[in-house]
Amino acid sequence: MKNNLKNFFEDIILEIKNKLFSSKYVLKGKCKRCGRCCRNILFSTKEGYIKDENIFKDMQKKYRYYKNFRISGKIENKQDFQNGALTFECKFISKNNKCLIYPIRPIFCRDYPNINPELIYNGVKMLDECGFYFDVNKKFEEYLN
Ligand code: SF4
Ligand code: SF4
């Protein structure tokens with residue numbers, strides 16, 4: 001009950017934040033419930049994306065939260081600025097792509113996919129085959145006019 005109330009207020013804050021600060025981009029499409037975003041998570045430290053399993057193990061020792069994840073793969077594409085980064089899978093995604101803790105899932109899961117113009121400018125895009133995509137809410141020609 002306490003968690004539900006907390007989530008309710010956090011969702012309202014997220015909604016307001018997204019309305020106020022995402023004026024350049026709009027989110028289009030819808031979730032296909034493929035679960036890919038729960039299995040292809042990247043974590044980073046001040047030094048950049050985590051590429052070393054031992055660094056991740058240290059993080060798990062320091063912060064219990066990281067125990068909710070296991071390594072699911074590695075990005076291997078020299079053209080990709082994320083090349084070498086480890087990908088992580090959440091332990092709460094079921095085989096049929098259901099979140100096992102849906103009512104109390106963390107705030108960043110409820111906020112996903114977040115429209116962050118800074119990340120979009122830096123080349124971050126939606127996962128391949130994701131049902132969502134970003135679009136500009138004002139076309140270039142409209143700015144010219
Ligand atoms: S990757 Fe996209 S379509 Fe698939 S579950 Fe995540 S948000 Fe939905
Ligand atoms: S908590 Fe649920 S929504 Fe969040 S990453 Fe895990 S399975 Fe996905």
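Before reading further, recall that the structure is shown in the block above.
The rules behind these values
Residues numbered from 1 in each chain as written. Chains lettered and ligands numbered in written order. Predicted model: local features only at pLDDT ≥ 70, side-chain atom pairs only at ≥ 80, totals over all residues. Helix = DSSP H or I, 4+ residues; strand = E, 2+ residues; numbered from the N terminus. Buried ≥ 20, exposed ≤ 12 C-beta atoms within 10 Å, placed from the backbone. Contact = placed C-beta atoms within 7 Å. Near = placed C-beta within 6 Å. Nonpolar A, V, L, I, M, F, W, Y, C, P; charged D, E, K, R; others polar.

Enquirer: So, the overall build of the chain: which residues are in play, and what are the values?
Expert: What the chain contains, in helices and strands, is 6 helices and 6 strands. In sequence order, the secondary structure elements of the chain are arranged as α-β-α-β-β-α-β-β-α-α-β-α. Looking at the chain as a whole, 3% of its 145 residues are labelled buried. Once local pairs closer than 6 in sequence are excluded, the contacts in the chain between residues at least 24 apart make up 61%.

Enquirer: Please provide a residue-by-residue account of the site of ligand 2, values included.
Expert: Around ligand 2 sit Cys 38, Cys 90, Phe 92, Ile 93, Cys 99, Ile 101, Arg 105, Pro 106 and Cys 109, and that is every residue in its neighbourhood. Looking at the shell around ligand 2 residue by residue, the classes come out as 8 nonpolar, no polar and 1 charged.

Enquirer: Provide a residue-level description of unusual backbone geometry, including the pertinent values.
Expert: Going from Tyr 112 to Pro 113, the amide bond is cis rather than trans, its omega being -10 degrees. Residue position: Pro 113 is located in the loop between α4 (107–110) and α5 (117–121). The phi angle at Glu 129 is positive, at roughly 70 degrees, despite the residue not being glycine. Along the polypeptide, Glu 129 turns up in the loop between α5 and β6 (132–136).

Enquirer: An account of the site of ligand 1 is requested, with residue identities and associated values reported.
Expert: All residues adjacent to ligand 1 are Cys 31, Lys 32, Arg 33, Cys 34, Gly 35, Arg 36, Cys 37, Pro 113, Leu 127, Cys 130, Gly 131 and Phe 132. In the shell around ligand 1, the residues fall into 7 nonpolar, 2 polar and 3 charged.

Enquirer: Describe the environment of Asp 135, listing the residues and the values that go with them.
Expert: The residue Asp 135 is located in strand β6 in this model. Assessed through the 10 C-beta atoms surrounding it within 10 Å, Asp 135 is described here as exposed. In this structure, the C-alpha to C-alpha distance between Asp 135 and Leu 27, residues 108 residues apart in sequence, is 6.4 Å.

Enquirer: Explain the environment of Leu 127 to me, and be specific about the residues and the numbers.
Expert: Within the element layout of this structure, Leu 127 appears in the loop between α5 and β6. Exposure remark for Leu 127: the 13 C-beta atoms within 10 Å place this residue in the partly exposed category. A sequence separation of 87 residues divides Leu 127 from Asn 40, and the C-alpha atoms of the two residues are 8.4 Å apart. In this view, Leu 127 contacts Arg 36, Cys 37 and Asn 40; residues no more than four positions away in its chain are not counted.

Enquirer: Explain the environment of Tyr 66 to me, and be specific about the residues and the numbers.
Expert: Assignment of secondary structure puts Tyr 66 in the loop between α3 (53–62) and β4 (69–74). Between the alpha carbons of Tyr 66 and Phe 43 there is a distance of 9.7 Å; along the sequence they are 23 residues apart. Excluding residues within four positions of it along the chain, Tyr 66 makes contact with Met 59 and Gln 60.

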